[in-house]
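Fold and geometry: a report
If you want the building blocks of each chain, they are given just below.
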Amino acid sequence: MGDLEELLQKFAQYAPHADAGLLQKAYLFSQKAHAHQNRASGEHYFSHCLAVGEILVDFKLDLPTLAAALLHDVLEDTEVTGETMEKEFGPEITQLVQGVTKVARLPPGSWGDLQETPEPHLIPQAENWRKMLLATAKDIRVILIKLADRLHNMRTLCYLDHDKQRRIAQETLSLYAPLAQRLGMFQLKSELEDLAFEVLEPQRHKELVSAVQVRHADRQKSLESFRCALEAGLAPSGIPYRMLARPKNYYSLWGKMKRQKKPFEEIQDTLGVRLITDTIANCYALLGLVHTLFKPMAGTFTDYLAIPKANLYQSLHTTVLSPSGDPVEIQLRTEQMHRTAEYGIAAHWRYKTPTLEEKDLHLEEKLNWLRQWIEWLQDLKSPREFLESLQTDLELYQVFVFTPKGEVKPLPAGSTPVDFAYAVHTDIGHTCYGAKVSGKMVKLDTPLKSGEICEILTRKRGKPNKDWLNFARTARARSKIRRYFREHPH
Ligand code: MN
């Protein structure tokens, strides 16, 4: 079967009533436009465009996204103009393609006076990210295409020279993987991380992969007997569930070794299973049963249902001792949470079977977070600051700080009362002069910890202080402070 037929068939399986003719047209158009180009691997260039389309068809995405994926490099790498594309495919698809197209030339004055920029090498990267995020503000599907594009480039990185490989892998680790994580696209994030890890630390990657294989072979029996005992123990309850193995992520394992400063042998919890059930009530019911069947290990239970992570990941996590004495981590979630965890915000543009899939309220929250965040980033005026804010706000390690009324604010690790104040409200930030953490006065640059209650003290005619820029971590706080001083220069 030809590539085109296969793509059309996959698409028709989940979208039987959509206009597949448009997809075919985009395929042929892009194939023709790239006809005389090859990739570093020697393959026809179009094979890359097709691969990006195939990644997104597996996410069951909508027709304009798939057509734009096939066309995504046409404006950047061929003679075809935006005008022609719009005539052929209309404004929606063309805008998506324009969104993923790199800037050809820097718009003059885009980062203030470039003569004064101390780090000119950062400008193109910052400019491309900013352009992509601006396009994303108009249509979030731009970012889905960009992530699929990056995933395929990472899968085929070996054909590039060493320096280029490392540069791309580094950018993937510091920006694309955290972005995928914040958008809830965990599978994609893990693959990006592991591919980058392999390029940047080839020796460690190799060692870790074989160490995990050895340990798994060792523990397979233990895990099997644990599963049998679990199934036998849960059966009498009649609660519906299915059990899944937990996928591996070598890069996060390595991160754990670095953070805990321990060798692989001393890192625990590589055994794990997932239980997927129908309702939240049944998640807790299953958890209760698990804890009566096996001894829970102290301090391992985390409730991401009551307090979702900033990326809106939801699950219950607990670690118990198996009959053979090995710790096993169990994650419990509903079918809907599992789908959201797999597809992230991409779920918003999936074709839905209305009877089977209920609406995911957290999805809207995720999209709002993204829109707001992009808005804050637009205020940043230097390329370095822009890239740094991007990284800080995508930080995987978050702290959860409470308002005195019990509302929780997720913040990147190292955030201060000033960040917290601006996260609550701009006016609270502007008029803040002090903070109490769990009842005690603290300095405004004190890093906040998870679980703390932070009370912001404000003064009616209070003003922000320029020094705050020395320690405020979040893009939101920094941009609000800076904007204040632009608007009040004296
Ligand atoms: Mn591409």
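Thresholds, definitions, all that
Residue numbers here run from 1 along each chain, matching the order of that chain's written sequence. For this predicted model, a pLDDT threshold of at least 70 governs which residues receive local features, and a threshold of 80 or more governs which side-chain atom pairs are given and counted, while totals over whole chains, interfaces and linings are taken from all residues. Remark: hydrogens and water are excluded; side-chain values derive from all non-hydrogen atoms of the structure. Secondary structure follows DSSP: runs of H or I at least 4 residues long count as helices, runs of E at least 2 residues long count as strands, and numbering of each begins at the N terminus. Atoms counted for the radius of gyration: C-alpha only. Globule rule: 2.2 Å times residue count to the power 0.38. Relative accessible area decides the class of each residue, using a 1.4 Å probe on protein chains only: under 20% of the type maximum gives buried, over 50% gives exposed, and in between gives partly exposed. A contact between two residues is defined here by any heavy atoms of the two lying within 4.5 Å. Note on areas: Shrake-Rupley, 1.4 Å probe, and residue coverage restricted to the protein chains presented here. Here Asp and Glu are counted as negative and Lys and Arg as positive; His is not counted, and neither are the chain ends. Think of each charge as sitting on NZ of Lys, CZ of Arg, CG of Asp or CD of Glu. The angle between axes fitted to the seven-residue stretch ending at a residue and the seven-residue stretch beginning at it gives the bend at that residue. When DSSP finds two or more bridges between a pair of strands, those strands are recorded as paired. Inter-axis angles, ranging from 0 to 180 degrees, are taken between N-to-C directions of lines fitted to C-alpha atoms, where helices are fitted over the stretch in contact. Salt bridge, as applied in this entry: a Lys or Arg side-chain nitrogen positioned within 4 Å of an Asp or Glu carboxyl oxygen. Each helix crossing is assigned a hand: it is left-handed if the near helix lies turned anticlockwise from the far helix by less than a right angle, otherwise right-handed if that turn is clockwise. The nonpolar class holds Ala, Val, Leu, Ile, Met, Phe, Trp, Tyr, Cys and Pro. Asp, Glu, Lys and Arg form the charged class, and all remaining residues, Gly among them, are polar. Here the limits of each domain have been adopted from an automatic or database domain assignment. For this analysis, a ring pair means two rings from Phe, Tyr or Trp (six-membered ring only for Trp) whose centres lie within 6.5 Å, classed as stacked if their planes differ by under 30 degrees, edge-to-face if by over 60, and tilted for the remaining angles. Only a pair of cysteine sulfur atoms within 2.5 Å counts as a disulfide in this structure description. Orientation categories follow fixed angle ranges, with anything under 35 degrees roughly parallel, anything over 145 roughly antiparallel, 65 to 115 roughly perpendicular, and all other angles oblique.

1. So, the overall build of the protein chain
Per the secondary structure count, the protein chain includes 19 helices and eleven strands. Computed over the C-alpha atoms, the radius of gyration of the protein chain is 25 Å, within 12% of the 23 Å expected from 2.2 N^0.38 for a compact globule of 490 residues. The burial tally for the protein chain puts 51% of its 490 residues in the buried class. Counting contacts in the protein chain only where the partners sit at least 6 residues apart, residues at least 24 apart contribute 66% of the total. For the protein chain, the computed accessible surface area is about 24200 Å², with 52% contributed by carbon and sulfur atoms. Positive and negative side-chain charges of the protein chain, numbering 64 and 62 respectively, have mean locations separated by a distance of 6 Å.

2. Some thoughts on helix α11 (residues 202-234)
The sharpest bend along α11 comes to roughly 45°, located at Arg219. Residues His205, Leu208, Val209, Val212, Arg215, Ser222, Leu223, Phe226, Leu230 and Leu234 constitute the buried set of α11.

3. Section: the sheet that holds strand β9 (residues 432-437)
Taken in spatial order, the three strands of this open sheet run β10-β9-β11, and their pairing is antiparallel. Across the chains shown, the open sheet's two edge strands, defined by having one partner strand only, are β10 (440-442) and β11 (454-458). Geometrically, the sheet is characterised by an average inter-axis angle of 35° between neighbouring strands, direction not taken into account. Of the pairings in the sheet, the one linking β9 to β10 comprises three bridges and is antiparallel in character.

4. Section: the pattern of salt bridges
For the structure shown, the criterion picks out twelve salt bridges. For Glu171, the salt bridge identified is with Arg150, shortest N-O distance 2.9 Å. Residue Glu171 is found in helix α9 (residues 162-182), and its partner Arg150 is found in helix α8 (residues 141-155); the two are separated by 21 residues along the sequence. Residue Glu171 is classed as buried on the basis of its relative accessible area of 13%.

5. A look at unusual backbone geometry
If a residue is not glycine, its phi is most likely negative; likewise, a peptide bond is most likely trans. Backbone geometry at Lys60 places phi at a positive 60°, although glycine is not the residue there. In this fold, Lys60 is placed in the loop between α3 (46-58) and α4 (63-70).

6. Considering the pairing of strand β7 (residues 398-402)
Where burial is concerned, most of β7 is hidden: four out of the five residues are buried. Bridge count for β7 against strand β8 (residues 408-412) is five bridges, and the pairing is antiparallel. In the sheet register, Phe402 faces β8, and the bridge partner there is Val408. The antiparallel pairing of β7 with β8 creates a hairpin that spans five residues between the two strands, and Gly406 there sits at a positive phi of about 90°.

7. A word on the packing of α8 against α9
Close contact between α8 and α9 brings their axes to 11 Å; oriented N to C, the two are set at 140°. Remark: the crossing between α8 and α9 carries left-handed chirality. Residues Ile143, Lys146, Leu147, Arg150 and Met154 of α8 touch α9, and the partners they reach there are Ile168, Ala169, Glu171, Thr172, Tyr176, Leu179 and Ala180. Tallied by class, residues from the contact of α8 with α9 come to eight nonpolar, one polar and three charged.

8. Observations regarding the domain arrangement of the protein chain
Here the protein chain is described as being made up of domain 1 (3-185), domain 2 (203-343) and domain 3 (397-487). A separation of 35 Å is found between the C-alpha centroids of domain 2 and domain 3.

9. A look at the packing of aromatic side chains
With the rule as written, the count across this model stands at eleven aromatic pairs. Ring geometry for Tyr27 versus Phe46: centroids 4.8 Å apart, planes at 80°, classification edge-to-face. Of the two residues, Tyr27 is situated in helix α2 (residues 20-33) and Phe46 in helix α3; the sequence distance between them amounts to 19 residues. With a relative accessible area of 6%, Tyr27 lands in the buried category. Exposure remark for Phe46: the relative accessible area of 6% places this residue in the buried category. Considering the side-chain rings of Tyr422 and Trp468, the 6.5 Å spacing of their centres and the 75° angle between planes classify their relative orientation as edge-to-face. Here Trp468 lies in the loop between β11 and α19 (475-487) and Tyr422 lies in helix α17 (residues 417-424), a separation of 46 residues in the sequence. The residues Tyr422 and Trp468 share a single accessibility class, namely buried.

10. Topic: the state of the cysteines
What the rule picks out here adds up to zero disulfides. Between Cys432, a free cysteine, and Cys454, which holds the nearest cysteine sulfur, the sulfur-to-sulfur gap is 8.6 Å.

11. Quick look at the side chain of Lys409
Mapping Lys409 onto the fold places it in strand β8. Here Lys409 falls in the buried class, since its relative accessible area comes to 15%. Apart from the residues lying within four places of it in its own chain, the contact partners of Lys409 are Val399, Phe400, Val401, Phe420, Ala423 and Val424.

12. Some thoughts on the packing of α11 against helix α12 (residues 250-260)
Direction vectors running N to C along α11 and α12 enclose 100°, while the axes themselves pass 10 Å from each other. Judged by the inter-axis angle, α11 sits roughly perpendicular to α12. Contacts between α11 and α12 involve Arg204, Leu208, Val209 and Val212 from the former and Tyr250, Leu253, Trp254 and Met257 from the latter. Here the residues of the contact of α11 with α12 are counted per class, giving seven nonpolar, no polar and one charged.

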